[in-house]
Amino acid sequence: MYALQPLTHSPMPPVAIIALDVPSRAEAERLLDRIGPGADFVKVGLQLFTAEGPEVVRAMTARGCRVFLDLKLHDIPATVAHAVESAAGLGADLLTIHTSGGAAMMRAAAKARDAAGPSAPKLLGVTLLTSLTEAEAAEAWGRASVDAGAEVARLAALAEACGLDGVVSSVHEVPTIRGATGGGFRVLTPGIRLAGDDAGDQARVATPAEAARLGSNYVVLGRSITAAADPAAALARALQEMNELPVTA
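Nothing here was measured: the structure is a model prediction, and the numbers come from that model.

## Overview of the overall build of the protein chain
Summing up its helical and strand segments, the protein chain has 11 helices and 8 strands in all. Buried residues in the protein chain amount to 50% of all 249 residues. Taking contacts inside the protein chain between residues at least 6 apart in sequence as the whole, the part at least 24 apart equals 71%.

Written out as structure tokens, the structure is:
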């Protein structure tokens, strides 16, 4: 079990992003209608994007939603750069690429973002998937052991050096990222569950209050909201946790 570390700075409350992990645009629209106006920033991930294509991003922006396009790009530098250019044309606000794609790939993505101008999405580098335990990461990477905090901090520092705007990590690694990167570097944290909810397929989870206390810039809210009997009420509870938590410097 991970021990949450004390807060070392006084952040703004995180921005809540609703995960549209559904198989169709129609279902995404129904979900947003149930949640109401609080769902103004949404995640379009691989499931919805591969089912509906780029048009679903345009549909979400037409609703007035900001879009986190979570495609976790990982390919040769030129291919990823072209994908960043395409994402800029869709109006996405955030786009993910894998830091494990290497420095050349991340630099190419950052260069494409800069060339796209104000319409370009912020680039976030995926560090260690929140579904992975340290033992599973060690197995995948062929190591005897892995220290998640150290690996995430290392990848975050590399991402910053390559020009990315931030990274994706679990809440538990946010303090080490803050120690390894500059003040303007952003951290998005998935694996957020309301207290008492099942962790599902996530290994490193935390509550909205913990994410706020440790200084996440964005939190992705999934099944705790979207699978709730009353998703609007569940979102209101999460927002209250994040916005009313006492913060000490």
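## Notes on the sheet that holds strand β7 (residues 186-192)
The strands making up a sheet associate through hydrogen bonds between their backbones, and the pairing can be parallel or antiparallel. The strand order around the closed barrel formed by 8 strands is β1-β2-β3-β4-β5-β6-β7-β8, and the pairing between neighbours is parallel. Taking the axes of each pair of neighbouring strands and ignoring which way they run, one obtains an average angle of 30 degrees across the sheet. As paired strands, strand β5 (residues 122-126) and strand β6 (residues 166-168) are joined by 3 bridges and run parallel to one another. Bridging from a neighbouring strand, Val 126 pairs with Val 168 of β6. Taken strand by strand, helix α4 (residues 77-90) contacts β3 (66-73), β4 (94-98) and β5, and its axis lies near 165 degrees from that of β3.

## Description of the packing of aromatic side chains
Summed over all chains, the structure comprises 1 aromatic pair. Aromatic side chains Phe 41 and Tyr 218 sit 6.2 Å apart centroid to centroid with 75 degrees between the ring planes, which places their arrangement in the edge-to-face category. Here Phe 41, found in strand β2 (residues 41-45), pairs with Tyr 218, found in strand β8 (residues 218-221); they are 177 residues apart in sequence, far enough to count as distant. Given a relative accessible area of 8%, Tyr 218 falls into the buried group.

## As for the nonpolar core
In terms of nonpolar packing, the biggest core is built from 66 residues, with Leu 20, Val 44, Met 60, Leu 69, Leu 221 and Ile 225 touching the most fellow members. Apart from the residues within four sequence positions on either side, Met 60 is in contact with Leu 20, Glu 29, Leu 32, Val 42, Val 44, Cys 65 and Val 67. One finds Ile 17, Ala 19, Leu 124 and Val 220 within the second-largest nonpolar core, a separate group that totals 11 residues.

## Digging into the environment of Ala 115
Considering the arrangement of structural elements, one finds Ala 115 in helix α5 (residues 103-116). Along the chain, Ala 115 and Glu 85 lie 30 residues apart, while their C-alpha atoms are 8.3 Å from each other.

## Overview of helix α7 (residues 148-161)
For α7, which comprises 14 residues, the first-to-last C-alpha distance of 20 Å matches the rise-based estimate of 20 Å (1.5 Å per residue) to within 8%. All of the buried residues in α7 are Ala 148, Gly 149, Glu 151, Val 152, Ala 153, Leu 155, Ala 156 and Ala 159. In this structure, the buried side of α7 is in contact with α5, α6 (134-141), β6 and α8 (174-180). Capping the start of α7, Asp 147 holds a side-chain oxygen 3.0 Å from the backbone nitrogen of Gly 149, two or three residues further along. Just past α7, the residue Gly 163 takes up positive phi, approximately 100 degrees.

## What about the pairing of β3?
Burial runs high along β3: 6 of the 8 residues are buried. Where β2 meets β3, 5 bridges bridge the pair, whose relative direction is parallel. Bridging from a neighbouring strand, Gly 45 pairs with Asp 70 of β3. Examined bridge by bridge, β3 and β4 share 3 bridges and lie parallel to one another. By the bridge assignment, Phe 68 is partnered in β4 with Leu 94. With α4 bridging β3 and its parallel neighbour β4, the resulting β-α-β unit is right-handed.

## Examining the side chain of Arg 178
By the secondary structure assignment, Arg 178 is in helix α8. Glu 160 is the oppositely charged side chain nearest to the buried, salt-bridge-free Arg 178, at an N-O distance of 8.6 Å. A distance of 2.7 Å separates a polar side-chain atom of Arg 178 from the backbone oxygen of Phe 185.

## A word on unusual backbone geometry
A positive phi is found at Lys 72, a non-glycine position, where the angle reads about 50 degrees. Overall, the relative accessible area of 26% leaves Lys 72 in the partly exposed class.

## Points about the side chain of Thr 99
You can see Thr 99 is positioned in the loop between β4 and α5. Within the structure, Thr 99 has its side chain in polar contact with the backbone oxygen of Val 126 (distance 2.7 Å). Not counting chain neighbours up to four residues away, the residues in contact with Thr 99 comprise Met 106, Gly 125, Val 126, Thr 127, Leu 155 and Ala 159.

Basis of the calculations
Residues numbered from 1 in each chain as written. Predicted model: local features only at pLDDT ≥ 70, side-chain atom pairs only at ≥ 80, totals over all residues. Heavy atoms only, no water. Helix = DSSP H or I, 4+ residues; strand = E, 2+ residues; numbered from the N terminus. Buried < 20%, exposed > 50% of the residue type's maximum accessible area, 1.4 Å probe, protein only. Contact = heavy atoms within 4.5 Å. Pairing = 2+ DSSP bridges. Axes fitted to C-alpha atoms, helices over the stretch in contact; angles between N-to-C directions. Phe/Tyr/Trp six-rings, centres within 6.5 Å; stacked < 30°, edge-to-face > 60°. Core = buried A, V, L, I, M, F, W, Y, C linked by side-chain atoms within 4.5 Å. Expected span 1.5 Å × (residues − 1). Polar contact = N/O pair within 3.5 Å; in protein donor to acceptor, adjacent residues only side chain to side chain. Right-handed = clockwise from strand over helix to strand, strands pointing away. Lys, Arg positive; Asp, Glu negative; His and termini not counted. Salt bridge = Lys/Arg side-chain N within 4 Å of Asp/Glu carboxyl O.

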